[in-house]
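What follows is the residue order along each chain.
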Amino acid sequence: MNKMKYNLLLYGLLGFAFWACQKGEGETVETANILRPQADIPYTFSRNGQSSVDEHTVTLLREPLDIIERRLLSGAISDFTYTEILRYYTEGTSYVKPIDEIASSSLVPTDRIKEDIINLFLSAKNIPLREAHPGISGDAGRRVGDAERVYVDEKGIAPAQVFMRVIDGAIYLDKILLLHLDERYFSDTTLRRNHQNVILPPGENYTELEHHWDLAYGYFLHLQSLTQSDGVAALAGVERKIRNAFVQGRIELGRYRYEALYTQMRIIREELSKAIAIRAINTLTGVITLTNYTEAPKQAFKYLSQGYGFLYALQFTRRADGTLYFTYDEVRALQNQLIAGIGLWDVTRLLAPTVQEGSLKNITQQIAERYQL
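How each quantity is defined
- Residues numbered from 1 in each chain as written.
- Predicted model: local features only at pLDDT ≥ 70, side-chain atom pairs only at ≥ 80, totals over all residues.
- Heavy atoms only, no water.
- Helix = DSSP H or I, 4+ residues; strand = E, 2+ residues; numbered from the N terminus.
- Buried < 20%, exposed > 50% of the residue type's maximum accessible area, 1.4 Å probe, protein only.
- Contact = heavy atoms within 4.5 Å.
- Areas by Shrake-Rupley, 256 points an atom, 1.4 Å probe, with all protein chains shown as cover.
- Salt bridge = Lys/Arg side-chain N within 4 Å of Asp/Glu carboxyl O.
- Arc of directions from axis to C-beta.
- Polar contact = N/O pair within 3.5 Å; in protein donor to acceptor, adjacent residues only side chain to side chain.
- pLDDT = per-residue confidence, 0-100.

### Some points on the overall build of the protein
Part 1 of the reasoning: Within the protein one finds 16 helices and five strands.
Part 2 of the reasoning: Within the protein, buried positions represent 53% of all 373 residues.
Part 3 of the reasoning: Across the protein, the fraction of contacts at a sequence separation of at least 24, relative to all contacts at a separation of at least 6, is 66%.
Part 4 of the reasoning: Total accessible area on the protein is roughly 16700 Å²; 52% of this is exposed by carbon and sulfur atoms.

Structure below.
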């Protein structure tokens, strides 16, 4: 390359870097990796020397949910504990109330989902301190290395384990995929104009469009571990793809390149949705689950209950084009297949070949086909 061409290339790159930092009217992208989307890019943005990312409400939501989870895991739920669970669910520990955040998008049946969660609490309350048997709720025992025992209903389902995965869907996936990352916000002419004119809400350092994207990222951080491979080959590289798509989308928002932003939105939808589907499949038919279920069925109830919860979460997944992978009724049908008859106690049915309706392999095949895995 001769000297003149080299100088032109250098000036071009310097001009691009200057434009990238200035395009957002005072907002700076604090990363040296803008030109390297394959690398791990930090989600760090500022305006006028202060962070323009605010995910505080996401953090406030976690505390009451953690308390509810611990109460459910402990078992032996008295009337007092049940009332306490309901209080944390309806009132929270701050101005953020979990009940208000459940299925808050318009794409799912919010009232039915809230009713399902209350029914989970009731199911947990009705499990007495006794040994569980087919058709009899109780204590299914403690797995080696587990701190808590697993309390199951008459079908072998552990409400505490289901609750964790239901919340992953009804709050976190719903907020990310069905609410905040939606074209109706980013195509809104008023929101676009306010964003490009840097009109900020009183006392805040972000535009409304930036805040929608940032909240989606904040909710993703609570699901991030589910997208990590953790021995699941099908998830290799997924976490990085999603994180980098969030960063790149935020950069494109600062450049007002909305079509480029939609490209990143579609990546997030597809990768995160498929990650949840893969988790559902692996939880129901992974080596750990099947080994335990074959040798000592009750030892697998914890995992199968989580799988039951993952099935529920599938209604909150979304294709790249915005359509839902599953409806509420479809995921409930999958759950009913899993717990048909005597539920998880029916080892023969659940371990049957793929052609057997209601077997673990049959249920997971339906998921794999829907997501083209």
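### Regarding the pattern of salt bridges
Part 1 of the reasoning: The final tally for this structure, using the stated rule, is 21 salt bridges.
Part 2 of the reasoning: In this structure, Glu252 and Arg257 form a salt bridge, with 2.6 Å as the shortest nitrogen-oxygen distance.
Part 3 of the reasoning: Counted as one network, the salt bridges with shared partners bring together Arg47, Glu210, Asp214 and Arg250.

### Section: helix H8 (residues 189-196)
Each full turn of the α-helix corresponds to 3.6 residues, which orients residues three or four apart in the same direction.
Part 1 of the reasoning: Leu191, Asn194 and His195 are the residues of H8 that are buried. Burial along H8 is one-sided: seen end-on, the buried residues are contained in an arc of 100°.
Part 2 of the reasoning: Contacts made by the buried residues of H8 are with helix H7 (183-186), helix H9 (208-221), helix H10 (238-254) and helix H11 (258-285).
Part 3 of the reasoning: Its side-chain oxygen placed 3.0 Å from the backbone nitrogen of Thr190, Asp188 serves as the N-cap of H8.

### A few points about the confidence of the model for the protein
Part 1 of the reasoning: Averaged over all residues, the pLDDT of the protein equals 90, while 88% of them reach at least 70.
Part 2 of the reasoning: Here residues 1-23 is a poorly scored stretch, pLDDT under 50, and it has 16 contacts once near neighbours within four places are set aside; other chains count.
Part 3 of the reasoning: Scored below 50 in pLDDT, residues 30-37 shows 19 contacts in the model against residues more than four places distant or in partner chains.

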